[in-house]
Amino acid sequence: MMFHVKHPRLPLVAASLAALVVATGCIGDTFSQPTGWASPVETGEGLLVQSERGRLDALEFTASGGLVERWHYPVSDDEVELVAIYATPVVEDGVIYLAGYSGDVVALSVATGRPLPDWGPPVRLDGHIVATPAFDGTRLYVATDRGRVTVLEAATGRVAGPVLDVAGDHPIWGDPVLQGGTLYIADINRTVHAIGVDSGEARWTQALDGGLAAPLALDRQVLLAGALDSRLYALDAEAGGSPLWSFEGDGWFWSRPLVAGDSIYAPTSRGTVYAIDRFSGAQRWSFASEGSQIRTALVLVDGVLVALDKDGGIVGLAPSSGAVLWRGTIDGDVLADPLVRGSEILYLTTDGDVVRVHPQDGRIEELSRLSLGSRDG
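### What about the confidence of the model for the protein?
Chain-level pLDDT for the protein is 89 on average; 89% of the residues reach the 70-or-more range. Low confidence marks residues 1–19, where pLDDT is under 50. Its contacts with residues over four positions away, or in another chain, come to 29 contacts. Overall, residues 21–29 carries pLDDT values under 50, and its contacts beyond four positions in sequence, including any with other chains, amount to 20 contacts.

Here's what the structure looks like:
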């Protein structure tokens, strides 16, 4: 049997929370005191980052390579509290679609940071938002920890059709994937769902052995789902989600797996990086970091695989062998996925600092931040 249970399980809710506590290192970050881990996003004007909990900053690069704030949202007049930002902002045609942990979704102007007139105030959904909404160019598909997906018209924010009760009140924490008219969603109740966006009906469901909190990844027909039972699952998205293989690691898979050619690179909550054969699920190599868990996604830039653990330990690896090319340390904790910008990588710390890493030699630079309205050069 391909999927099997190797460890005794607690009741579902307790097990899910316990697993996430271990993976994040602190339950307060995710529940009682949510902090958010939205990835920095590049716009034509600069960067979008969560510099403070529940606040989105638009930053502009200065002549000297530093950053200066152009605007932030919300301001006091907005009378909204996002609490934290886990979902990475979606940017399209000069518009930012921002979803807060509070359940609020709003469309902002990239230029000014103000809500679009056709949207007005944020749309409030029933439940907390952790997963980044899927977007097809005209509609947003927003999942909540109540297991539901609300479809919003991108132009107006109006709800398009009935709310989809996908997961039966079980939280959806990992980012869904939208492709070819099918929305792929994973929930903490160990189930992957394929939903037809036109009909809103299930095309297939696949039960697994572990709760699913990681973002999904789709490479051609292979759907990759990281689970809290220390397994990475590969499903055939075009054959009813039938299992292709599963790979067992030394900890929870809760980061987005990286597919490059015929290899899959995936880190665990114990700080180990695995290289896995895409077709067979066989291990090619593994690298055990000396640091803590890895939440942020791996990136492959200029032939160097870069992994960063939560406490700032960063390493460049040879993707073919896992050999260490360089090591370094970022000053601060990092949970957000990085932004690849040309031949450099930008990381955002939990304190709101932006750090530039050069993957060829491991050089690390913390970008200076000027006050609002200041300029240099």
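Here the narrative resumes.
### Quick word on the nonpolar core
Counting residues in hydrophobic clusters, the biggest one holds 16 residues, and the most contacted among them are Tyr184, Val192, Leu208, Leu212, Leu216 and Leu223. Elements supplying a minimum of two residues to this core: β14 (182–187), β15 (191–196), β18 (222–226) and β19 (231–236).

### Side note on the pairing of strand β30 (residues 344–348)
The buried fraction of β30 is high, at five of five residues. Judged by which residues are buried, β30 turns out to be covered on both faces: Glu344, Leu346 and Leu348 on one side and Ile345 and Tyr347 on the other are all buried. With three bridges connecting them, strand β29 (residues 339–341) and β30 associate as antiparallel partners. For Val340, the partnering residue across the bridge sits in β30 and is Ile345. Bridge analysis of β30 against strand β31 (residues 354–358) gives four bridges, and the strand direction is antiparallel. Looking at β31, one finds that Tyr347 is bridged to Val355. Remark: five residues form the turn of the hairpin made by β30 and β31, two consecutive strands paired antiparallel; Gly352 in that turn has positive phi of roughly 90°.

Conventions used here
Residues numbered from 1 in each chain as written. Predicted model: local features only at pLDDT ≥ 70, side-chain atom pairs only at ≥ 80, totals over all residues. Heavy atoms only, no water. pLDDT = per-residue confidence, 0-100. Contact = heavy atoms within 4.5 Å. Core = buried A, V, L, I, M, F, W, Y, C linked by side-chain atoms within 4.5 Å. Buried < 20%, exposed > 50% of the residue type's maximum accessible area, 1.4 Å probe, protein only. Helix = DSSP H or I, 4+ residues; strand = E, 2+ residues; numbered from the N terminus. Pairing = 2+ DSSP bridges.

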